[in-house]
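As a plain string of letters, each chain reads:
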Amino acid sequence: MIGAKARAFAELVRAPAALTVLGDTLAGAAASGRPAAPTGRLAAASTCLYWAGMALNDYADREEDAEERPARPVPSGRVSPRAALATATALTAAGLTAAAAAGGRDTLAVAVPLAATVWAYDLGVKNTRYGPAAMAAARGLDVLMGAGARRARRALAPAALLAGHTYAITAVSRRETLGAGASLPAGALAATGAVGLVTAALTPPATARAHRVVSTALIGGYALAAGSAQLAATVRPDATHLKRAVGAGIHAMIPLQAALTARGGSVRTALSLLAAYPLARSLSRKVSPT
């Protein structure tokens, strides 16, 4: 059984939610034609930087969380603010080290701006009107890290699509404890439809029929995974339904990443990535992704 302290830190970094970022670098690598050898280290870098952002988020939001989310590790006293900040710092250093090991300066040229964006978002930008854009930029940079600076142009399409999805769910997340008008989740639902359609349109028409079938099925899975909860939140935009829409949107990253990876020609990798979806959903019942 996991110890109380370990569980507190797992909640601090939203540990299982890291399964939703593993596919970022895979999609970027597939689109750019980057060799598969460093993908494990790239995934480690992505995971560490994501966890760093979660820990830093709770450090920065400790006063707000004391009112709205008192059970979170920092306001509940299970993790001190100093420990949360130290965790974010250590994980950032670990992420940059893993990025350097994966591709040297080529990868660090993207990883450093990514880390800077994460820290800027949590410590200053998050509660401004530019917050969703900053979060979307971080997700896009995570995809480009999979390509590396020299091949980044080839991965701009998947980076933009995952950034667009991120922007939509981040906008909803800003109201998940308060409720909102129906237009907010409706906008996210429209964004999901647009991302799915553009992803389908970007699938190379000359690929094998089996490849097209897999890509189409994955896009459909993405639309269903995100869109069903967004539709429910549009009908009833209270805090409970908005939180479900945010959680579903986070998990829907996985089939979207898989669809984009398949589009890049790595169908086997895409199907392997999809296996993380049910695991992420199952683990979210123990540690919330939001």
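Refer to the structure printed above.
Predicted model, so just to flag it, every value in this text is computed and none were measured.

(A) Inspection of the overall build of the chain at higher detail. For the chain, the count of helices and strands is 13 helices and zero strands. Helices (α) and strands (β) of the chain occur, in sequence order from the N terminus, as α-α-α-α-α-α-α-α-α-α-α-α-α. For the chain, whose C-alpha radius of gyration is 18 Å, the value lies close to the compact-globule estimate of 19 Å for 290 residues. The C-alpha extent of the chain, read off along each of the three principal axes, is 55 × 45 × 40 Å. Sorting the 290 residues of the chain into buried and exposed places 50% on the buried side. Intrachain contacts of the chain at a sequence separation of at least 6 include 78% that bridge at least 24 residues. Total accessible area computed for the chain in this model is approximately 12600 Å², and 63% of it derives from carbon and sulfur atoms. Mean positive and mean negative side-chain charge positions of the chain (30 and 14 charges, respectively) differ by 12 Å.

(B) Layout of a negative patch on the surface. Where like charges cluster on the molecular surface, the negative patch consists of E63, E64, E67 and E68. Residue E67 is classed as exposed on the basis of its relative accessible area of 70%.

(C) Summary view of unusual backbone geometry. Its identity is not glycine, yet R14 carries a phi of approximately 55°, on the positive side. Along the chain, R14 falls in the loop between α1 (4-12) and α2 (22-32). For R14, a relative accessible area of 5% gives the class buried.

(D) Layout of the layout of surface pockets. Considered as a void within the structure, the largest pocket measures approximately 900 Å³ in volume. The dominant element in the lining of the largest pocket, judged by the number of residues it contributes, is helix α3 (residues 39-60), at seven residues. Of the residues belonging to the lining of the largest pocket, the class tally is 15 nonpolar, ten polar and 16 charged. Estimates place the volume of the second largest pocket at around 210 Å³. Per-class residue counts for the lining of the second largest pocket are two nonpolar, three polar and eight charged.

(E) Spatial organisation of the pattern of salt bridges. Counted by the stated rule, this structure contains ten salt bridges. Its salt-bridge partner being R72, residue D58 comes within 2.6 Å of it at the nearest N-O pair. Of this pair, D58 sits in helix α3 while R72 sits in the loop between α4 (62-68) and α5 (81-125); the two residues are 14 residues apart in sequence, bridging distant segments of the chain. Note on R72: relative accessible area 9%, which makes it buried. The salt bridge partner of R236 is D238, with a shortest N-O separation of 3.1 Å.

(F) Summary view of helix α13 (residues 276-284). Three or more residues of α13 are buried, namely A276, Y277, A280 and S284. Each buried residue of α13 lies within a common arc of 100° when the element is viewed along its axis, so the set occupies one face.

(G) Structural view of the nonpolar core. In terms of nonpolar packing, the biggest core is built from 55 residues, with M145 and L218 touching the most fellow members. Leaving out residues up to four positions away in the same chain, L218 has contacts with P255, A258, A259, A262, A270 and L274. Within the second largest apolar cluster, 13 residues are counted, among which are A8, V13, Y59 and L91.

(H) Structural detail: the packing of helix α12 (residues 267-274) against α13. Between α12 and α13, the least distance of the axes is 5 Å, while the angle of their chain directions is 20°. In this view, α12 runs roughly parallel relative to α13, as classed from their interaxial angle. Contacts between α12 and α13 pair S272, L273 and L274 from the former with A276, Y277 and P278 from the latter. Grouping the amino acids of the contact of α12 with α13 by side-chain chemistry returns five nonpolar, one polar and no charged.

(I) Geometry of the packing of aromatic side chains. Enumeration according to the criterion identifies zero aromatic pairs in this entry. One cation-aromatic arrangement involves R62 over Y59; the distance from NZ or CZ to the ring centre is 4.4 Å.

(J) Structural detail: helix α10 (residues 239-251). Counted at 1.5 Å a residue, the expected span for α10 with its 13 residues is 18 Å, and the 18 Å between its end C-alpha atoms agrees. Those residues of α10 not exposed but buried are H241, L242, A245, V246, G247, A248, G249, I250 and H251.

How each quantity is defined
- Residues numbered from 1 in each chain as written.
- Predicted model: local features only at pLDDT ≥ 70, side-chain atom pairs only at ≥ 80, totals over all residues.
- Heavy atoms only, no water.
- Helix = DSSP H or I, 4+ residues; strand = E, 2+ residues; numbered from the N terminus.
- Rg over C-alpha atoms; globule rule 2.2 N^0.38 Å.
- Buried < 20%, exposed > 50% of the residue type's maximum accessible area, 1.4 Å probe, protein only.
- Contact = heavy atoms within 4.5 Å.
- Areas by Shrake-Rupley, 256 points an atom, 1.4 Å probe, with all protein chains shown as cover.
- Lys, Arg positive; Asp, Glu negative; His and termini not counted.
- Charge placed at Lys NZ, Arg CZ, Asp CG, Glu CD.
- Patch = residues over 30% accessible without salt bridge, like charges linked within 9 Å, V, L, I, M, F, W, Y side chains within 5 Å.
- Salt bridge = Lys/Arg side-chain N within 4 Å of Asp/Glu carboxyl O.
- 1 Å grid on protein atoms, 1.4 Å probe; cavity = no way out; pocket = protein on both sides within 12 Å on 5 of 7 lines; lining within 4 Å.
- Points joined across faces, edges and corners; volume = space filled by probe spheres on them.
- Nonpolar A, V, L, I, M, F, W, Y, C, P; charged D, E, K, R; others polar.
- Arc of directions from axis to C-beta.
- Core = buried A, V, L, I, M, F, W, Y, C linked by side-chain atoms within 4.5 Å.
- Axes fitted to C-alpha atoms, helices over the stretch in contact; angles between N-to-C directions.
- Parallel < 35°, antiparallel > 145°, perpendicular 65-115°, else oblique.
- Phe/Tyr/Trp six-rings, centres within 6.5 Å; stacked < 30°, edge-to-face > 60°.
- Lys NZ or Arg CZ within 6 Å of the ring centre and 35° of its normal.
- Expected span 1.5 Å × (residues − 1).

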